[in-house]
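Coordinates in review
So you can see what is in the structure, the chains are spelled out below.
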Amino acid sequence: MAEQTSYQLPDLPYDYKALEPVISAEIMELHYTKHHKGYVTNLNTALEKYHEAETKNDVAQMIALQQAIKFNGGGHINHSIFWTILAPIAKGGGGMPKGELAKMIERDFSSFDAFKEKFNAATTAIQGSGWGWLGYNKGQKRLEIAICSNQDPLSTQGLVPILGVDVWEHAYYLQYKNVRADYVKAIWQIFHWKHIEERFNKAIGS
């Protein structure tokens, strides 16, 4: 049972300083080693307690643990995606999407620039902590911009995550202070479109 509920911090695909100047090495190290690691640790703890309660048929305790599982599990899922959709500028970061993803963005948002503007506006306007996402709606076969509070995963809205931006203050405050809009604008320089396109192709093919 322990093997089934033990999650691990994934390896970063680059060094802490690799995303500079968009994201500083200090932010990356703290974000990865403190925040993401904390979500993994707390998720494993909550799941162990859940399975213990399950063996005792303690439904009340199982229900009480749901929020901790959702929050820390969501944090783990979201950050595991986030690291992979970013890349150093010299190694694939920036530019524009290609292929079917580019075509669907143009179809659903009229143009890449219009999509970018709408995404930035929605993500910057999130109240408190959360994430801005581009998700794929399998039922309607279309792309949607969505926002999630705290660490709620996009699956709670029935969408497949294609790309997301973490707008918790720990993701940008040391560098951008309270100007979230500057951070959201800058992060487009390091979006790893090749990987994002792979996520999209998998989503439409599954």
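Computed from a prediction, not measured in an experiment: that's the story for all the values here.

**Digging into the overall build of the protein**
Looking only at helices and strands, one finds eight helices and three strands in the protein. Reading the helices (α) and strands (β) of the protein from amino to carboxyl end gives α-α-α-α-α-β-β-β-α-α-α. Each principal axis of the C-alpha atoms in the protein carries an extent, and together these give about 55 × 40 × 30 Å. When contacts within the protein are restricted to residue pairs at least 6 apart in sequence, long-range pairs at least 24 apart make up 70% of them. When the accessible surface of the protein is split by element, carbon and sulfur atoms take 51% of a total near 10800 Å². The distance from the centre of the 21 positive side-chain charges to the centre of the 22 negative ones in the protein is 4 Å.

**Quick notes on the pattern of salt bridges**
For the structure shown, the criterion picks out four salt bridges. The closest approach of N and O atoms between K103 and E100, which form a salt bridge, is 3.4 Å. Here E100 and K103 lie together in helix α4 (residues 99–109), a separation of three residues that amounts to about one turn.

**Some thoughts on the nonpolar core**
By size, the foremost hydrophobic cluster in this structure holds 50 residues, and its most contacted members are I23, L86, L143, Y183, I187 and F191. With eight residues, the next largest nonpolar core counts L43, A46, L47 and A53 among its residues.

**Some words on the pairing of strand β2 (residues 142–149)**
Bridge analysis of strand β1 (residues 130–137) against β2 gives eight bridges, and the strand direction is antiparallel. Looking at β2, one finds that W131 is bridged to C148.

**Details of helix α8 (residues 193–205)**
The end-to-end C-alpha distance of α8 is 18 Å, a good match for the 18 Å that 13 residues give at a rise of 1.5 Å each. If you check which residues of α8 are buried, you get W193, I196, E197, F200 and A203. Considered in projection along α8, the buried side chains sweep an arc of 120° and stay on one side of the axis. Those residues of α8 that are exposed and aimed more than 90 degrees away from the buried face are K194, K202 and G205. Structurally, α8 contributes buried residues whose contacts are with α4, α5 (112–124), β1, β2 and β3 (160–166).

**Examining helix α3 (residues 66–84)**
Spanning 19 residues, α3 covers 27 Å between terminal C-alpha atoms, matching the ideal 27 Å at 1.5 Å per step. The complete set of buried residues in α3 reads I69, N72, G73, G74, G75, H76, N78, H79, I81, F82 and W83. Structurally, α3 contributes buried residues whose contacts are with α1 (25–55), β1, β3, α7 (180–186) and α8.

**Looking at the sheet that holds β2**
Sheets are built from strands that pair by backbone hydrogen bonding, the pairs being arranged parallel or antiparallel. Spatially, β2-β1-β3 is the arrangement adopted by the three strands of the open sheet, whose pairing is antiparallel. Strands at the two margins of the open sheet, each flanked by one partner only, are β2 and β3. Averaged over all pairs of adjacent strands, the angle between strand axes in this sheet comes to 25°, irrespective of strand direction.

Definitions and cut-offs
- Residues numbered from 1 in each chain as written.
- Predicted model: local features only at pLDDT ≥ 70, side-chain atom pairs only at ≥ 80, totals over all residues.
- Heavy atoms only, no water.
- Helix = DSSP H or I, 4+ residues; strand = E, 2+ residues; numbered from the N terminus.
- Contact = heavy atoms within 4.5 Å.
- Areas by Shrake-Rupley, 256 points an atom, 1.4 Å probe, with all protein chains shown as cover.
- Lys, Arg positive; Asp, Glu negative; His and termini not counted.
- Charge placed at Lys NZ, Arg CZ, Asp CG, Glu CD.
- Salt bridge = Lys/Arg side-chain N within 4 Å of Asp/Glu carboxyl O.
- Core = buried A, V, L, I, M, F, W, Y, C linked by side-chain atoms within 4.5 Å.
- Buried < 20%, exposed > 50% of the residue type's maximum accessible area, 1.4 Å probe, protein only.
- Pairing = 2+ DSSP bridges.
- Expected span 1.5 Å × (residues − 1).
- Arc of directions from axis to C-beta.
- Axes fitted to C-alpha atoms, helices over the stretch in contact; angles between N-to-C directions.

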